[in-house]
Every structure is written in C-alpha cells, then in structure tokens.
Amino acid sequence: MQGRELRGELDAFLAEAERELKAFRRDLHMHPELAFAEYRTTKLIAARLTAAGLFPSILPRGTGLICEVGSGDGPLIALRADIDALPLQDEKDAPYRSTVPGACHACGHDVHTTILLGTALFLAQQADAGLLPGRVRLIFQPAEELPGGALEVMAHGGITGVDRIFGLHCDPRVDVGQVGLKSGPITSACDKLAIRVSGPGGHTARPHLTADLVFALAKILTELPAALSRRVDPRSSLSLVWGRVEAGTAANAIPDEGVAEGTVRCLDENAWHSAPDLIKALLESVAAPYGIEATMEYTRGVPPVVNDDACVQMFAEAAARALGDGSVVPTQQSLGGEDFAWYLESIPGAFARLGTRSPESGVTYDIHQGTFDVDERAIAIGVRLMTNTALTALFGQVTEPGSVPLAQHA
Ligand SMILES: [Zn+2]
Ligand SMILES: [Zn+2]
C-alpha cells in the first residue's frame, strides 16, 4: 500500500474512532487497577477486541491478554502496551480523575493501552481487506510497575515466534506530535542489595575477643562501593548506594549481627549481568580480615532497555511517514527502569518516547506524580505511529540508517 493511501485510511479511521478511544482512556483512568489486579481493564479490552472480530486470549492469572491480527507466513511483529496503574493518589482536578482511592494511572499506561487498542482495531480492518502481509501480535501486558508482567507474558509464550517487538511510553517532557528515539540503551537497571553480617559480639572494652562487627560493617559500607568503582568500566555508571544500615543497641556492646541495604544502578547491560558475582567476590575479600560472616541477598530488578538499531530506524521511518519529517527528536537514556527490557533480552525491538506535553498549556508534568496528565491528541498520534511501525516492520522496508524518507510500502 502507498504511504499516502495508508495515511488517508488512518485519517478516515481516526475521524470515526478518536472519540471512542478518548472515552476508553478516560474510563480506564477513572478505574485504575494495580499490578496483577487489572481484571476490569482486561475484560474491557477483550470485549472491544472481540466486538471487532478478533480472538483475544487472556493470560492464566486473569489479567493481561494477547491477541493476534492477520494470518499467513509473513513476519510476526509484536506491539506491547502495559495496562497497570500506580499505588498513589490522583491529585488532578479533572472530570475523569481516579475514582479509586490510592490508585492512579500516573504513568500513562491507560494511554498506552488505548493506543494499542486503536492500533488493533485499525489493523483488524486492514487484515479483513487482505492488506496485512503477516501477523501482528498485540500484547496487553499486566504489572509493568511491579515489575514482573513481562516475565509473565514470556512464561506463557507471549513472544514465541516474534521477529521484532515495539513499545512506547508517554514522555511529558516532549511536546505532543513528537517522538523521542534513541539507539542502544534508553532506560537503566536498578537492583536491590542486602548484606547481613554476623560474628561473636561482646563488650566494647574487649573488641579483640569479638569480631568487632560494627567496625567491620563500616568497612564494607565504604570499601565495597570504592572497590566496585575500580573494577567496572566507569562508562557503565554502575553505582552501589546504601539506603539503610542497622547494627547494635547499646554504646558499649558490640553486636553479633548487622545489616546494610542499598541499590545497584547501572546504565550498561553487560555490567548489569556481571554485577552480582562481582559484588559477592568483593564483599568476601573486604570482610575476610575481620573474621565476620557476610552474606548477600541480591534482588534483580530489570535490565536496561537496549534498543536495536534497525528497529529504531523502522520507528523513525514510521514516525516521519505518519507524523511528518520534524516529528523525531533525540532522547536521553533515563535512570528509570522499564520491564520491556526483558523482551529485548530475547528478541530485537525498540522502545519509543511519545510526546504528551501540551505546548499551549506550558505545563510540564512528571510521571509517577498524582498530578500527571496528558494531551489526549497523543492517543491518535500513538495509533498512527504504532500502525505505521508495525506495517514498516511487516513489509521489512528499512532504508539506510540516517535517512528517513517517506518510503512506500510494496
Ligand atoms: Zn511507571
Ligand atoms: Zn510506565
């Protein structure tokens, strides 16, 4: 299909559907559901897809769903949206503010969900007209904020057979109509670490008869991050920062146990993979001279989202075609985490930042705040972007990196 023809069809579709999509988003916004409790949201999405003649499959827990559009032996492209809300109070003064105390779509997942629904409805029309040269798998993922929903999707074959996967996230610092793209890492890793130390306690008058545990713990607190900074590439920005430490109850008694907890943040995927073993080895060598027992509990968060170059190029071409030449803007790697990263550990894909700031309002919101809101024009723009991206990937048309022509489909 010609690019211009597709644009015309999307115009016609959105002229009809945009009002319904906005209402759908507002309904989700008024009824936010937390991670792995998205039962109502799941049912609403499934019902709308079914009404469009599609066959959604709800994940075994009853939250989140997967639905395929199209048929045939062509490529299989996945588009993913997350559907969960955050456990915080909605502080907006809007008619569609949350009706659930302590729950709010403050990360824009209601918008992501609505965009994917709109994309599904349009692609279903295309499939009916015999215009899809492959299949598009729509993944409405639960529990991104936990995180863990991506692993749940993968555990049930959600990306099995998928050639490429695409996702997006609202970016309230980018104007509506623009799309932030970046090759390579675009989010970061954040893990949790707890270290427990133990050894014989006693009177502070006789530290030599004890393991002098508080002193040894203090050594770990300072030496471990210092040693770590000399053992990993500084460009990976791997940092261990303590947030909690506890040992002892009296000024003149050496305790027999203590604990330190902190986070490990990292911009680089390779450094993230090697971090637990490296930190454990360093901990053992720092603790050894003091005769204490030191154990480490390392809780993995998510790896960084590392965008595939070719997939970013597909996003860029799709954005240029759907939204105009000036629509793609560069974006930075953030220190936040995003569990879309789990998919990209297995298959190539890309994650984009969708502008949601209203240039007229002059207000810049932030995600994970009770005041967060979006310029709802971002919904139709997101549908245009994801539709064009899926079709670009399906038709396998990638031009040379750096060129973003308004290429035609075959
Ligand atoms: Zn979030
Ligand atoms: Zn989010």
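In case you missed it, the structure is sitting above this.
A short note on the overall build of the protein chain
Okay, step 1: The number of helices and strands found in the protein chain is 9 helices and 16 strands.
Okay, step 2: Each principal axis of the C-alpha distribution contributes one length, and for the protein chain these read about 85 × 50 × 45 Å.
Okay, step 3: Across the 410 residues that make up the protein chain, the buried fraction comes to 50%.
Okay, step 4: Across the protein chain, the fraction of contacts at a sequence separation of at least 24, relative to all contacts at a separation of at least 6, is 80%.
Okay, step 5: For the protein chain, the exposed surface amounts to about 17,200 Å²; the carbon and sulfur share of it is 52%.
Okay, step 6: Looking at charge distribution, the protein chain has the averaged site of its 34 positive side-chain charges lying 2 Å from that of its 51 negative ones.

Re helix H6 (residues 269-287)
Okay, step 1: In this model, H6 (19 residues) spans 28 Å end to end at C-alpha, consistent with the 27 Å of a helix rising 1.5 Å per residue.
Okay, step 2: The sharpest bend along H6 reaches about 50° and sits at Ala275, with the proline Pro276 one to four residues further on.
Okay, step 3: Of the residues making up H6, those classed as buried are Ala271, Trp272, Ala275, Pro276, Leu278, Ile279, Leu282, Leu283, Val286 and Ala287.
Okay, step 4: Here the buried face of H6 lies against strand S8 (189-198), helix H5 (213-229), strand S12 (257-266), strand S13 (293-299) and helix H8 (341-344).

As for the side chain of Thr389
Okay, step 1: Mapped onto the elements of the fold, Thr389 is located in helix H9 (residues 377-395).
Okay, step 2: Owing to a relative accessible area of 0%, Thr389 belongs among the buried residues under this scheme.
Okay, step 3: Among the polar contacts made by the side chain of Thr389, one reaches the main-chain carbonyl oxygen of Leu385 at a distance of 2.7 Å.
Okay, step 4: Setting aside chain neighbours within four positions, we find Thr389 in contact with Phe166, Phe315 and Ala318.

Thoughts on the sheet that holds strand S2 (residues 65-69)
Okay, step 1: Ordered in space as S1-S2-S4-S3-S5-S16-S6-S15, the 8 strands form an open sheet in which the pairing is mixed. The open sheet has two free edges, formed respectively by strand S1 (57-58) and strand S15 (328-330), since each of these has just one partner strand.
Okay, step 2: Pairing of strand S6 (residues 179-181) with strand S16 (residues 349-357) involves 2 bridges; the strand directions are antiparallel. Across the sheet, the residue bridging to Val179 is Leu354, located in S16.

Some details on the coordination of the zinc ion (ligand 1)
Okay, step 1: Every protein donor of the zinc ion (ligand 1) is listed here as Cys107 (SG), Glu145 (OE) and His368 (NE2), and their distances to the metal cover 2.0 to 2.2 Å.
Okay, step 2: By relative accessible area, which is 5% here, Cys107 ends up buried.

Things to note about the pairing of S16
Okay, step 1: The buried fraction of S16 amounts to 8 of the 9 residues, a majority that puts the element mostly inside the structure.
Okay, step 2: With 8 bridges connecting them, strand S5 (residues 164-175) and S16 associate as parallel partners. Counterpart to Cys170 in the pairing with S16 is Leu354.

Quick look at empty space enclosed by the protein
Okay, step 1: With the rule as written, the count across this model stands at 1 cavity of 30 Å³ or more.
Okay, step 2: Size it by volume and the largest cavity reaches roughly 40 Å³.
Okay, step 3: Around the largest cavity, the lining residues are Arg80, Ala81, His112, Ile115, Leu116, Leu168 and Met386.
Okay, step 4: Of all the secondary structure elements, the ones that give two or more residues to the lining of the largest cavity are strand S3 (76-82) and helix H3 (109-128).
Okay, step 5: Top element by residues in the lining of the largest cavity is H3. It accounts for 3 residues.
Okay, step 6: Along the lines of polarity and charge, the residues of the lining of the largest cavity split into 5 nonpolar, 1 polar and 1 charged.

Considering the layout of surface pockets
Gaps left between atoms are located by rolling a probe of water-molecule size over the structure's atoms.
Okay, step 1: Here the largest pocket defines a volume of roughly 810 Å³.
Okay, step 2: If you trace the largest pocket, you find 31 residues lining it, with Leu335, Gly336, Gly337, Glu338 and His368 closest to the centre.
Okay, step 3: Elements with a minimum of two residues in the lining of the largest pocket: S5, S8, S12 and S16.
Okay, step 4: Per-element accounting of the lining of the largest pocket gives the leading share, 5 residues, to S5.
Okay, step 5: When the residues that make up the lining of the largest pocket are grouped by side-chain class, the tally is 10 nonpolar, 9 polar and 12 charged.

Looking at the packing of aromatic side chains
Okay, step 1: Counting across every chain of the model gives 6 aromatic pairs.
Okay, step 2: Between Trp272 and Trp342, the aromatic rings sit 6.1 Å apart at their centres with planes inclined by 70°, giving edge-to-face as the arrangement. Remark: Trp342 occurs in helix H8 and Trp272 occurs in helix H6; sequence separation between them is 70 residues. When sorted by exposure, Trp272 lands in the same class as Trp342, which is buried.
Okay, step 3: Ring centres of Phe340 and Tyr343 lie 5.7 Å apart, and the angle between their planes is 70°; this geometry places the pair in the edge-to-face category. As far as burial versus exposure is concerned, Phe340 and Tyr343 are alike and both buried.
Okay, step 4: Through a chain of ring-to-ring contacts, the aromatic side chains of Phe340, Tyr343 and Phe351 assemble into a single cluster.

Regarding the sheet that holds S12
Okay, step 1: Read across the sheet, 4 strands follow the order S10-S12-S8-S13 without closing on themselves; strand pairing throughout is antiparallel. Edge positions in the open sheet fall to strand S10 (239-247) and S13, since each of these has one partner strand only. The sheet shows a mean angle of 20° between the axes of neighbouring strands, taken without regard to direction.
Okay, step 2: Bridge analysis of S8 against S13 gives 7 bridges, and the strand direction is antiparallel. Bridging from a neighbouring strand, Ala194 pairs with Glu297 of S13.

What counts and how
- Residues numbered from 1 in each chain as written.
- Chains lettered and ligands numbered in written order.
- Predicted model: local features only at pLDDT ≥ 70, side-chain atom pairs only at ≥ 80, totals over all residues.
- Heavy atoms only, no water.
- Helix = DSSP H or I, 4+ residues; strand = E, 2+ residues; numbered from the N terminus.
- Buried < 20%, exposed > 50% of the residue type's maximum accessible area, 1.4 Å probe, protein only.
- Contact = heavy atoms within 4.5 Å.
- Areas by Shrake-Rupley, 256 points an atom, 1.4 Å probe, with all protein chains shown as cover.
- Lys, Arg positive; Asp, Glu negative; His and termini not counted.
- Charge placed at Lys NZ, Arg CZ, Asp CG, Glu CD.
- Expected span 1.5 Å × (residues − 1).
- Bend = angle between axes of the 7 residues up to and from the residue.
- Polar contact = N/O pair within 3.5 Å; in protein donor to acceptor, adjacent residues only side chain to side chain.
- Pairing = 2+ DSSP bridges.
- Donors = N, O, S within 2.8 Å, 3.2 Å for Na, K, Ca; no water.
- 1 Å grid on protein atoms, 1.4 Å probe; cavity = no way out; pocket = protein on both sides within 12 Å on 5 of 7 lines; lining within 4 Å.
- Points joined across faces, edges and corners; volume = space filled by probe spheres on them.
- Nonpolar A, V, L, I, M, F, W, Y, C, P; charged D, E, K, R; others polar.
- Phe/Tyr/Trp six-rings, centres within 6.5 Å; stacked < 30°, edge-to-face > 60°.
- Axes fitted to C-alpha atoms, helices over the stretch in contact; angles between N-to-C directions.

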